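Structure at a glance
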Amino acid sequence: MNIKEVGIIGSGQMGNGIAHVCALSGYKVVLIDIAQDALDKAMGVINKNLSRQVQKGKITQEDMDSSLDRISISTDSSTLNNADLIIEAATENFDLKVKIFQGLLEHIKDECLLSTNTSSMSITKLAAATNRPERFIGLHFMNPVPVMKLVELIPGIATSDEMLTITKEFAQSLGKTVATSKDYPAFIANRILMPMINEAICALYEGVGDVESIDTAMKLGMGHPMGPLALADFIGLDTCLAIMNVLHEGFGNPKYSPSPLLVKYVEAGWYGVKSGKGFYEYPKK
């Protein structure tokens, strides 16, 4: 199948980043959200990030202008009627994702391919809630999407070989490198990353070191560009907790138990960068 138009559900940090790279790679993009102000904010972010690429000489002004022309925004799912591929990038909530996919089916064409940007949930289970599990796949972009080169490709148990091939070629056309994972909880990247972040939070909880010391030890001792606690704030502590819960429930292994401190921070609404406070404080601009 020749993919020309991509529908993206959710205009948040991941959704607008995916829209950015798709449009820059020549695809027509329809970006959907339930709120118009969220869509307007997303277009502002895309404009800003494209402008930064122009300033750095990575793209031309013409590239930027044509990319913006390829993106349309809407709060109406019926505008996805001509999409060849849907990428769902909504909040990491299983019931919400199922509701989104089931609501899409009446609007999209029969041959439309479906994918989800979930960072941890069962692709097989999500696919089973649709009428085309053989044309459903996990397409997990890394954050920030315009910068990070990796895309995890996760076929469900019913995903066809053809679907796997098509979406792999699509991801590569965006300039991404593909890593293919089996459909196990949290896949590859987050199965390794999240327990490390959780262990850093446990070390803080137990008083092994303070926030700055833990992050400094990992940055300078292990060569990480960002400490695990700062990275958790950037990802969102609510997202970190959701992924740890998926790991814990999926494997039933106590080593994946979320740190009590992580749970308390989320209960307090301290999600990190997006809420203004996490392990660090982020003054409002």
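This text goes with the structure placed above it.
Presented here is an overview of the structure given in this document. If you're wondering where the values come from, they're calculated on a predicted model, not measured in any experiment. (Residues numbered from 1 in each chain as written. Predicted model: local features only at pLDDT ≥ 70, side-chain atom pairs only at ≥ 80, totals over all residues. Heavy atoms only, no water.)

We now examine the pattern of salt bridges. What the rule picks out here adds up to eight salt bridges. The residue Glu134 makes a salt bridge to Arg135 at a minimum N-O spacing of 3.3 Å. Owing to a relative accessible area of 30%, Glu134 belongs among the partly exposed residues under this scheme. A relative accessible area of 24% means that Arg135 is categorised as partly exposed. Ionic pairing is found between Lys264 and Glu267, a salt bridge with its closest N-O pair at 3.3 Å. A residue pair is termed a helical-turn pair when its members lie 3 or 4 positions apart in one helix, as Lys264 and Glu267 do in helix H11 (residues 260–267) at three residues. With respect to burial, Lys264 and Glu267 carry one shared label: exposed. Linked by salt bridges that have partners in common, Glu88, Glu92 and Lys97 make up one network. (Salt bridge = Lys/Arg side-chain N within 4 Å of Asp/Glu carboxyl O. Buried < 20%, exposed > 50% of the residue type's maximum accessible area, 1.4 Å probe, protein only. Helix = DSSP H or I, 4+ residues; strand = E, 2+ residues; numbered from the N terminus.)

The interhelical angle for the contact between helix H10 (residues 237–251) and H11, taken along N-to-C directions, is 130 degrees, at an axis separation of 9 Å. What the angle tells us is that H10 and H11 run oblique. Classified by chirality, the crossing of H11 by H10 is left-handed. Of H11, the residues touching H10 (which contributes Leu237, Asp238, Cys240, Leu241 and Met244) are Leu262, Val263, Tyr265 and Val266. In terms of residue class, the contact of H10 with H11 is made up of eight nonpolar, no polar and one charged. (Axes fitted to C-alpha atoms, helices over the stretch in contact; angles between N-to-C directions. Parallel < 35°, antiparallel > 145°, perpendicular 65-115°, else oblique. Left-handed = near helix turned anticlockwise from the far one by under 90°. Contact = heavy atoms within 4.5 Å. Nonpolar A, V, L, I, M, F, W, Y, C, P; charged D, E, K, R; others polar.)

So, on to the pairing of strand S7 (residues 150–155). Counting buried positions along S7 yields five of six residues, so the element is predominantly enclosed. As defined by bridge partners, S7 adjoins strand S8 (residues 177–180) across four bridges and the pair is classed as parallel. Counted as the bridge partner of Val151 is Val178 from S8. (Pairing = 2+ DSSP bridges.)

What follows deals with the packing of aromatic side chains. In the structure shown here, the tally under the stated rule is five aromatic pairs. Measuring from centroid to centroid gives 5.1 Å for Tyr265 and Trp270, while their planes differ by 85 degrees, and the two rings are edge-to-face. Note on Tyr265: relative accessible area 16%, which makes it buried. Taking the relative accessible area as the measure of exposure, Trp270 reaches 33% and is therefore partly exposed. Put simply, the rings of Tyr265, Trp270 and Phe279 pair up and form one aromatic cluster. For Lys125, the ring lying beneath its charged end belongs to Phe94, and the centroid distance is 4.9 Å. In this structure, Lys277 is placed above the aromatic ring of Trp270, and the distance from its NZ or CZ to the ring centre is 4.5 Å. (Phe/Tyr/Trp six-rings, centres within 6.5 Å; stacked < 30°, edge-to-face > 60°. Lys NZ or Arg CZ within 6 Å of the ring centre and 35° of its normal.)

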